[in-house]
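Spelled out, the chains give:
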Amino acid sequence: MPPGKDPPAPRHPQARGGTRQQGRSRFAAGPCTGGVLAVALLLTGCSGSGPGDLPGGQEDKGATDVPDGAATTAAALPALRVETVLDGLDHPWDVAQAPDGTLVVDERGGGLTAVLPDGTARELDADLGDLFADGETGLMGLTLDPAFADNRRLYTCQGVEEDGGAEIQVIAWTVDDDWTRATRVADPLVGDIPVNERSGRHGGCRVRFAPDGALLVGTGDNAVGSNPQDRGTLAGKVLRVDAATGGPAPGNPFADDPDPVTRLLLSYGHRNVQGIAVRPGSGQVFTVEQGTDRDDEVDLSVPGGNYGYDPDGDGGAYDESVPMTDLGLPGAVPAVWSSGDPTIATSGADFVSGPGWGGYDGVLLVGVLKDTGLLALRLDDAGQLVEQFRVPELEDTHGRIRTPRLGTDGALYVTTDNGGGDDVLLRVTPV
């Protein structure tokens, strides 16, 4: 398997839509068993025990040193309750919560499910007949419009079969008041994002709203060496888009560039943007990259920044031996956090906030796929790393974590990505 540690899903030649497959279990279970720990584990003292995604069934024990002088706040961390909201899922990728408490979760192979406040789960009738779902690409990023209560608008980032080929698109939908149907209204909002048609590798596809209302889109480099540093392609970038028009958001760093592609960019030099998280009250945006076997990274977004990945090898080869951030490149922005070797396969991320979260309040939580669990990063006001530890209740208990997302109700919702139809949507709350 190549070093991009997200294992491929089976190819889905026909994406499914409409009715949920028969036989799926759809009920809420009780809190997870096995005890609840009330201590934080420093990453240097914590190792994963689940199988990694390395050749030969090896295990990967991600480890990164904590900075000198970093404070440990174990005593202030509350115990966490972990409950299953929805089970029987297959590669659930993202989750969002509407103002009325309804949860929406998608699955990479196709399907949008709404979980109503009373616990009823129903599949939304949505046209996914053109879905390109292969390897790491499919139905992925999902977010709701900040004005969802008024416009019922949501956004997906997904692979699409079109004109005899495939690409990645951001599509805007509206959802009916009864949560039965999603209808495409901007098809696409953003198109022509390149995809690796041979394998779906490095599809990126995280979508989140910035505090100023711009829609941010993380893309992957498609495992093509020239893409990250080429500002004339949307691959290997973070885009900043006007959610109403799909054009460049006002104030984009390359707004005067003659190339309309470049005008959409917020930053470049990325490998595979798997997470975007907005820090409450600060305006800071952090991106999470799944790296080679050298490094996974968390970065603080800088408009116009070059995040330093340049795998363009001799003869156009994809050279993954290069640094994830080559600080010798013009404008290269150093990472806030790096895993080092071995890597842990970072994915989605979100900040936890609220007084009920105690010592977790303000912490950035990052999904971990290879060294299964949740990574917690405590940052200072400038966005620099102060402390890192692992969330004990999720450490090797539910397998690979794709996405943590703070809900409108203050709970943390988590999707697992273990495949085979046994994945779950979890609800995590402080005790």
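Within each chain, residues carry numbers counting from 1 in the order of the written sequence. For a predicted model such as this one, the threshold for reporting local features is a pLDDT of at least 70, and the threshold for listing and counting side-chain atom pairs is 80 or more; totals across whole chains, interfaces and linings nevertheless cover every residue. The basis for every side-chain value is the complete set of non-hydrogen atoms in the structure, without hydrogens or water.

Another aspect to go through is the nonpolar core. The criterion is simple. A nonpolar core is a set of buried Ala, Val, Leu, Ile, Met, Phe, Trp, Tyr and Cys residues joined through side-chain atoms within 4.5 Å. The cut-offs for exposure are 20% and 50% of the maximum accessible area for each residue type, with area from a 1.4 Å probe on protein chains only; residues under the lower value are buried, those over the upper are exposed, and the others partly exposed. If you look at the biggest cluster of nonpolar residues, it comprises 27 residues, and the most contacted ones within it are Val170, Leu215, Val217 and Leu239. Note on contacts: a residue pair qualifies if any of its non-hydrogen atoms lie within 4.5 Å across the two residues. Contact partners of Val170, with chain neighbours within four places excluded, come to Thr156, Cys157, Ala186, Pro188, Leu189, Val190, Ile193, Val207, Leu215 and Val217.

Glancing now at the sheet that holds strand S11 (residues 165-175). Two strands qualify as a pair provided that DSSP identifies no fewer than 2 bridges between them. Think of it this way: any DSSP run of H or I at least four residues long counts as a helix, any run of E at least two long counts as a strand, and we number them from the N terminus. Reading across the sheet, the four strands line up as S9-S10-S11-S12 and stay open at both edges, with antiparallel pairing between neighbours. Each edge of the open sheet is held by one strand with a lone partner, namely strand S9 (139-144) and strand S12 (182-193). Ignoring strand direction, the axes of neighbouring strands in this sheet form an average angle of 25°. Of the pairings in the sheet, the one linking S11 to S12 comprises six bridges and is antiparallel in character. Counterpart to Thr174 in the pairing with S12 is Thr183. To get an axis, a line is fitted to the C-alpha atoms, and for a helix only the part in contact is used. The angle between two axes follows their N-to-C directions and goes from 0 to 180 degrees.

Let us look at the state of the cysteines. For the purposes of this analysis, a disulfide is any pair of cysteine sulfur atoms at a distance within 2.5 Å. By the definition in use, this model includes one disulfide. Linked covalently through their sulfurs, Cys157 and Cys205 form a disulfide whose S-S length is 2.0 Å. Its S-S torsion of about -90° marks the bond between Cys157 and Cys205 as left-handed, since a negative value means left-handed. Here Cys157, found in strand S10 (residues 153-162), pairs with Cys205, found in the loop between S12 and strand S13 (206-209); they are 48 residues apart in sequence, far enough to count as distant. Comparing Cys157 with Cys205, the two get one shared label, buried.

The rule for a salt bridge is simple: a side-chain nitrogen of Lys or Arg has to be within 4 Å of a carboxyl oxygen of Asp or Glu. Tallied over the full model, the rule gives 14 salt bridges. Between Arg390 and Glu395 there is a salt bridge, with its nearest N and O atoms 3.2 Å apart. Exposure remark for Arg390: the relative accessible area of 0% places this residue in the buried category. Among the ionic contacts, a cluster of salt bridges with common partners joins Glu83, Asp409 and Arg427.

Quick look at the pairing of strand S27 (residues 423-430) now. The element S27 is largely enclosed, with a buried count of six among its eight residues. Direction of pairing for strand S3 (residues 80-89) relative to S27: antiparallel, over a ladder of seven bridges. The partner of Thr84 across the bridge, within S27, is Leu426. Looking at chain direction, strand S26 (residues 412-416) and S27 are connected through four bridges and run antiparallel. Looking at the pairing, Tyr413 lines up with Arg427 of S27.

The element S26 is extensively covered by neighbouring structure, given that five of its five residues are classed as buried. A two-sided burial pattern is seen for S26, the buried positions comprising Leu412, Val414 and Thr416 on one face and Tyr413 and Thr415 on the other. Bridge count for strand S25 (residues 401-406) against S26 is five bridges, and the pairing is antiparallel. Opposite Arg405, over in S26, you have Tyr413 as the bridge partner. Linking S25 back to S26 in an antiparallel pair, the connection comprises five residues, with Gly410 at a positive phi of about 90°. Where S26 hands over to S27, the hairpin turn is made up of six residues, of which Gly419 adopts a positive phi near 75°.

Take it as geometry only, folks, not as evidence of what the structure does.
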